[in-house]
Amino acid sequence: MIKDLKNSFMQAGFLTTIWVLGGLTLIFGNTPVTLATFWHLIGIATLFAIVFGVLYPYVWHYATWIAPVTIAITTIANYVCGFGAVYLLSTEMLNLIKPYWLLILGLDLVGHIIAFYFYRQFQNKRLAKKLNQLR
(Lines give C-alpha, C1' and ligand atoms only; values in the text may rest on other atoms or scores of the structure.)
Protein backbone atom coordinates (compact mmCIF):
# COMPACT_ATOMS: atom_id res chain seq x y z
CA MET A 1 0.00 0.00 0.00
CA ILE A 2 2.75 2.48 0.94
CA LYS A 3 4.62 1.77 -2.31
CA ASP A 4 1.43 2.33 -4.35
CA LEU A 5 0.67 5.59 -2.54
CA LYS A 6 4.26 6.81 -2.98
CA ASN A 7 4.14 6.09 -6.71
CA SER A 8 0.75 7.72 -6.98
CA PHE A 9 2.08 10.80 -5.13
CA MET A 10 5.01 11.12 -7.51
CA GLN A 11 2.83 10.66 -10.61
CA ALA A 12 0.23 13.17 -9.43
CA GLY A 13 2.90 15.72 -8.54
CA PHE A 14 4.71 15.36 -11.86
CA LEU A 15 1.54 15.46 -13.95
CA THR A 16 0.21 18.48 -12.04
CA THR A 17 3.48 20.32 -12.63
CA ILE A 18 3.29 19.62 -16.36
CA TRP A 19 -0.43 20.48 -16.50
CA VAL A 20 -0.10 23.81 -14.65
CA LEU A 21 3.09 24.75 -16.49
CA GLY A 22 1.39 24.01 -19.81
CA GLY A 23 -1.64 26.08 -18.86
CA LEU A 24 0.49 29.00 -17.72
CA THR A 25 2.49 28.83 -20.93
CA LEU A 26 -0.68 28.93 -23.04
CA ILE A 27 -2.12 31.82 -21.05
CA PHE A 28 0.96 33.99 -20.48
CA GLY A 29 3.26 32.88 -23.30
CA ASN A 30 6.87 33.94 -22.94
CA THR A 31 6.39 36.27 -19.96
CA PRO A 32 9.43 36.33 -17.67
CA VAL A 33 8.84 34.55 -14.38
CA THR A 34 10.39 34.89 -10.95
CA LEU A 35 11.82 32.20 -8.77
CA ALA A 36 8.80 32.60 -6.47
CA THR A 37 6.58 31.47 -9.35
CA PHE A 38 8.43 28.16 -9.50
CA TRP A 39 7.98 27.67 -5.76
CA HIS A 40 4.27 28.37 -6.15
CA LEU A 41 4.14 25.80 -8.94
CA ILE A 42 5.86 23.25 -6.68
CA GLY A 43 3.39 24.11 -3.91
CA ILE A 44 0.42 23.55 -6.21
CA ALA A 45 1.88 20.25 -7.41
CA THR A 46 2.48 19.15 -3.81
CA LEU A 47 -1.10 20.00 -2.81
CA PHE A 48 -2.49 18.03 -5.74
CA ALA A 49 -0.10 15.13 -5.11
CA ILE A 50 -1.16 14.87 -1.47
CA VAL A 51 -4.88 15.05 -2.21
CA PHE A 52 -5.13 13.19 -5.52
CA GLY A 53 -2.06 10.98 -5.20
CA VAL A 54 -2.35 9.89 -1.57
CA LEU A 55 -5.65 10.82 0.05
CA TYR A 56 -8.01 9.86 -2.78
CA PRO A 57 -6.38 6.49 -3.55
CA TYR A 58 -6.31 5.67 0.16
CA VAL A 59 -9.94 6.61 0.69
CA TRP A 60 -11.27 4.93 -2.47
CA HIS A 61 -9.15 1.75 -2.38
CA TYR A 62 -8.08 1.01 1.19
CA ALA A 63 -10.32 2.79 3.70
CA THR A 64 -13.50 1.10 4.91
CA TRP A 65 -15.34 4.14 6.21
CA ILE A 66 -19.06 4.66 5.81
CA ALA A 67 -20.21 6.70 2.81
CA PRO A 68 -20.85 10.03 4.59
CA VAL A 69 -17.36 10.03 6.15
CA THR A 70 -15.69 9.22 2.85
CA ILE A 71 -17.68 11.88 1.03
CA ALA A 72 -17.03 14.51 3.72
CA ILE A 73 -13.29 13.87 3.86
CA THR A 74 -12.81 13.95 0.09
CA THR A 75 -15.03 17.01 -0.32
CA ILE A 76 -13.18 19.01 2.32
CA ALA A 77 -9.77 17.94 1.01
CA ASN A 78 -10.73 18.82 -2.56
CA TYR A 79 -12.14 22.19 -1.47
CA VAL A 80 -9.07 23.14 0.58
CA CYS A 81 -6.72 21.94 -2.16
CA GLY A 82 -8.59 23.93 -4.80
CA PHE A 83 -8.61 27.16 -2.84
CA GLY A 84 -4.98 26.62 -1.82
CA ALA A 85 -3.95 26.13 -5.44
CA VAL A 86 -5.86 29.25 -6.52
CA TYR A 87 -4.20 31.22 -3.70
CA LEU A 88 -0.76 30.06 -4.81
CA LEU A 89 -1.54 30.81 -8.45
CA SER A 90 -3.14 34.24 -8.03
CA THR A 91 -4.44 36.12 -5.02
CA GLU A 92 -6.49 38.30 -7.38
CA MET A 93 -8.29 35.22 -8.69
CA LEU A 94 -8.86 34.05 -5.13
CA ASN A 95 -10.50 37.38 -4.29
CA LEU A 96 -12.78 36.94 -7.32
CA ILE A 97 -14.04 33.50 -6.24
CA LYS A 98 -14.18 34.08 -2.46
CA PRO A 99 -17.79 35.35 -2.50
CA TYR A 100 -18.87 32.06 -4.09
CA TRP A 101 -17.19 29.76 -1.56
CA LEU A 102 -20.46 28.25 -0.34
CA LEU A 103 -21.67 27.53 -3.88
CA ILE A 104 -18.30 25.95 -4.74
CA LEU A 105 -18.45 23.81 -1.60
CA GLY A 106 -22.02 22.73 -2.44
CA LEU A 107 -21.10 21.77 -6.01
CA ASP A 108 -18.06 19.93 -4.71
CA LEU A 109 -20.23 17.99 -2.26
CA VAL A 110 -22.83 17.09 -4.90
CA GLY A 111 -20.07 15.99 -7.28
CA HIS A 112 -18.52 13.76 -4.64
CA ILE A 113 -21.87 12.20 -3.74
CA ILE A 114 -22.56 11.35 -7.38
CA ALA A 115 -19.02 10.08 -7.98
CA PHE A 116 -19.07 7.99 -4.79
CA TYR A 117 -22.25 6.14 -5.64
CA PHE A 118 -21.29 5.53 -9.27
CA TYR A 119 -17.85 4.31 -8.21
CA ARG A 120 -19.28 2.01 -5.55
CA GLN A 121 -21.78 0.60 -8.05
CA PHE A 122 -18.96 -0.05 -10.53
CA GLN A 123 -16.80 -1.60 -7.81
CA ASN A 124 -19.65 -3.86 -6.62
CA LYS A 125 -20.28 -5.12 -10.16
CA ARG A 126 -16.59 -5.84 -10.62
CA LEU A 127 -16.42 -7.69 -7.30
CA ALA A 128 -19.56 -9.71 -8.13
CA LYS A 129 -18.07 -10.69 -11.49
CA LYS A 130 -14.83 -11.75 -9.81
CA LEU A 131 -16.72 -13.79 -7.18
CA ASN A 132 -18.85 -15.49 -9.86
CA GLN A 133 -15.68 -16.55 -11.68
CA LEU A 134 -14.48 -18.33 -8.52
CA ARG A 135 -17.38 -20.79 -8.60
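Everything below is about the structure printed above this text.
Conventions we followed
Residues numbered from 1 in each chain as written. Predicted model: local features only at pLDDT ≥ 70, side-chain atom pairs only at ≥ 80, totals over all residues. Heavy atoms only, no water. Core = buried A, V, L, I, M, F, W, Y, C linked by side-chain atoms within 4.5 Å. Buried < 20%, exposed > 50% of the residue type's maximum accessible area, 1.4 Å probe, protein only. Helix = DSSP H or I, 4+ residues; strand = E, 2+ residues; numbered from the N terminus. Contact = heavy atoms within 4.5 Å. Phe/Tyr/Trp six-rings, centres within 6.5 Å; stacked < 30°, edge-to-face > 60°. Expected span 1.5 Å × (residues − 1). Bend = angle between axes of the 7 residues up to and from the residue. Axes fitted to C-alpha atoms, helices over the stretch in contact; angles between N-to-C directions. Parallel < 35°, antiparallel > 145°, perpendicular 65-115°, else oblique. Left-handed = near helix turned anticlockwise from the far one by under 90°. Nonpolar A, V, L, I, M, F, W, Y, C, P; charged D, E, K, R; others polar.

## Remarks on the nonpolar core
Line of reasoning, step 1. Judged by nonpolar contacts, the single largest core of 13 residues is most densely connected at Ile-44, Phe-48, Val-51 and Phe-116.
Line of reasoning, step 2. Taken together, the elements giving at least two residues each to this core come down to helix H2 (35–62) and helix H3 (67–89).
Line of reasoning, step 3. With six residues, the single largest contributor to this core is H2.
Line of reasoning, step 4. Discounting chain neighbours no more than four positions away, the residues touching Val-51 are Tyr-56, Pro-57, Ala-77, Asn-78 and Cys-81.

## Focus on the environment of Ile-71
Line of reasoning, step 1. Here Ile-71 lies in helix H3.
Line of reasoning, step 2. For Ile-71, a relative accessible area of 6% gives the class buried.
Line of reasoning, step 3. Discounting chain neighbours no more than four positions away, the residues touching Ile-71 are Leu-109, His-112, Ile-113, Phe-116 and Tyr-117.

## Some points on the packing of aromatic side chains
Line of reasoning, step 1. A complete count under the given rule lists nine aromatic pairs for this structure.
Line of reasoning, step 2. Ring geometry for Phe-48 against Phe-52: centres 5.4 Å apart, planes inclined by 50°, an arrangement best described as tilted. One end of the pair, Phe-48, and the other, Phe-52, are both in helix H2, four residues apart, so they sit about a helical turn from each other.
Line of reasoning, step 3. Judged by its relative accessible area of 32%, Phe-52 falls in the partly exposed class.
Line of reasoning, step 4. Ring geometry for Trp-60 and Tyr-119: centres 5.3 Å apart, planes at 70°, overall edge-to-face. Linking Trp-60 in helix H2 with Tyr-119 in helix H5 (residues 101–133), this pair joins segments that are 59 residues apart in sequence.
Line of reasoning, step 5. Residue class for Tyr-119 comes out partly exposed when judged on its relative accessible area of 22%.

## A word on H2
Line of reasoning, step 1. Under the 1.5 Å per step criterion, the end-to-end length of H2 is 38 Å for 28 residues, consistent within 8% with the ideal 40 Å.
Line of reasoning, step 2. At Leu-55, H2 is bent by approximately 30°, the largest bend along its length, and proline Pro-57 sits one to four residues beyond.
Line of reasoning, step 3. Of the positions making up H2, those classed as buried are Leu-41, Gly-43, Ile-44, Ala-45, Phe-48, Ala-49, Val-51, Gly-53, Tyr-56, Pro-57, Val-59 and Trp-60.
Line of reasoning, step 4. For H2, the elements touching its buried residues are helix H1 (2–28), H3 and H5.

## So, the packing of H3 against H5
The description of two packed helices rests on the angle between their axes and on the distance between the axes.
Line of reasoning, step 1. Put simply, H3 and H5 touch, their axes get as near as 9 Å, and they point 135° apart. Viewed along their axes, H3 and H5 adopt a mutual orientation that is oblique. The two elements H3 and H5 cross, and the hand of that crossing is right-handed. Each of Ala-67, Thr-70, Ile-71, Thr-74, Thr-75, Asn-78, Tyr-79 and Phe-83 in H3 lies in contact with H5, whose residues at this interface are Trp-101, Ile-104, Leu-105, Asp-108, Leu-109, His-112, Ile-113, Phe-116 and Tyr-117.
Line of reasoning, step 2. Here the residues of the contact of H3 with H5 are counted per class, giving 11 nonpolar, five polar and one charged.

Keep in mind these numbers describe shape, not what the thing actually does.
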